[in-house]
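# A structural walkthrough
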Amino acid sequence: MDPDEQGVGVPSCFHMQDRDPSGGGNRTQGLSLRLQWEQENQNMDPAALTLLCLCSVGLCGAASATPIQTSLPELRKARGDVPDPHPDPNAEPEPASPVSDFENSYNYVLSRLAGMDQEIHKLMVGHYTVDVKLSQVIERLTTMDAKVLELEDSVREAFQHSRDNRKETGRLEGCMKGRRIGYKCYLVYNSYEHYAGASRKCSERGGRLAMPRGRKEQEALADYVRSFFHPGNWPVWLGINDLQTEGAYLYDDGTQVSYFQWRKHFLSGQPDGGRRENCVAMASDDGDWWDHYCDRAMNYLCEFDDRVAL
């Protein structure tokens, strides 16, 4: 079918100019415009097409009855459809529309606010995650703290059992290896300690430094020590000192000494150390007591309670 009969795409004014038998030059002009329109601009805006039609039939312009002989490129250039290939360098740029700038600024602010809202949401999610993790850590630390307390109690209990066992072992050792005298057991330790160290060692073994409280006990201890070191003469620490008050001798348990076995000799009578020698030792050859420097290292004699005899 002929495109003219369809009437699709070609403006009606072009058809009118083409079919007017008395149009003369207008017919030729209509045909040329129609051909030019079909070749160059089939997608022209409808308003521009209408204006082009009016101009082609002589209805545009002031009061001129003569049709305007203007080509489509010139019309499109005049309307601004085609950019000017030779723009005026001195021409001032068209001022931007205030409304357009405001809308652009408004849209920019909205986009920035939307971005900030997303970042704040991410921060809140991260904060919540950290808070949950922190709560879990605190809960685990609380559980660990309870476990540590239980472990400390267990260690303390085990240490107490170990100390009690060591004391019981020391007591049994003292009574099995040493000598029983009355309700006590005595054992000489052939290792060098100063007075405080010897007292601590006896206590750790469940006993204390020997504290003879009468002649019978003193004579039994002297015989045991003499037989242990025979034929040598090695003094051993006893649990007697005057560290608190010079001349006021006390046992290691704090009670006052009521019996003494000081060495009596015109050349070396005891005690003779004054404030320098405040701890008492027993000689192994005759059992006499001597005062010595407390930091002197020597053997020591421990006593234990004999529970079997008790």
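Residues numbered from 1 in each chain as written. Predicted model: local features only at pLDDT ≥ 70, side-chain atom pairs only at ≥ 80, totals over all residues. Heavy atoms only, no water.

Per an unreviewed UniProt entry, the chain is named C-type lectin domain-containing protein, and its organism is Takifugu bimaculatus. What UniProt states about the chain under its Subcellular location (unreviewed entry) heading is, verbatim, "Secreted". (UniProt positions renumbered as here; feature names shortened; annotations may be inferred.)

### Topic: the packing of aromatic side chains
Here a ring pair, both rings aromatic, is described through the centre-centre distance and the interplanar angle of the planes. Evaluation of the coordinates by the stated rule reveals 11 aromatic pairs. Relative to phenylalanine 260, the ring of tyrosine 249 has its centre 6.2 Å away and its plane inclined at 75 degrees; by these criteria the two rings are edge-to-face. A residue pair is termed long-range when its members are at least 10 positions apart, and tyrosine 249 in the loop between strand E4 (236-241) and strand E5 (250-251) and phenylalanine 260 in the loop between E5 and strand E6 (279-282) qualify at 11 residues. Residue tyrosine 249 is classed as buried on the basis of its relative accessible area, which comes to 7%. Clustering of aromatic rings is evident, with ring pairs tying together Tyr249, Tyr259, Phe260, Trp262 and Trp289. Above the plane of the ring of tyrosine 189 lies arginine 205, whose end atom (NZ or CZ) is 4.1 Å from the centre. (Phe/Tyr/Trp six-rings, centres within 6.5 Å; stacked < 30°, edge-to-face > 60°. Helix = DSSP H or I, 4+ residues; strand = E, 2+ residues; numbered from the N terminus. Buried < 20%, exposed > 50% of the residue type's maximum accessible area, 1.4 Å probe, protein only. Lys NZ or Arg CZ within 6 Å of the ring centre and 35° of its normal.)

### Section: the environment of histidine 230
With respect to the helices and strands, histidine 230 occurs in the loop between helix H8 (215-229) and E4. When its relative accessible area of 62% is taken as the criterion, histidine 230 is described as exposed. Along the chain, histidine 230 and aspartate 285 lie 55 residues apart, while their C-alpha atoms are 7.7 Å from each other.

### A closer look at the pairing of E4
The buried fraction of E4 amounts to six of the six residues, a majority that puts the element mostly inside the structure. Taking every second residue as pointing to the same face, both faces of E4 are buried, with Val236, Leu238 and Ile240 on one and Trp237, Gly239 and Asn241 on the other. By the bridge criterion, two bridges tie E4 to strand E8 (residues 298-305) in an arrangement that is parallel. Note on E8: the bridge partner recorded for valine 236 is asparagine 299. Here E4 runs beside E5; their pairing, made up of two bridges, is antiparallel. When the sheet's bridge partners are listed, isoleucine 240 is paired in E5 with tyrosine 251. (Pairing = 2+ DSSP bridges.)

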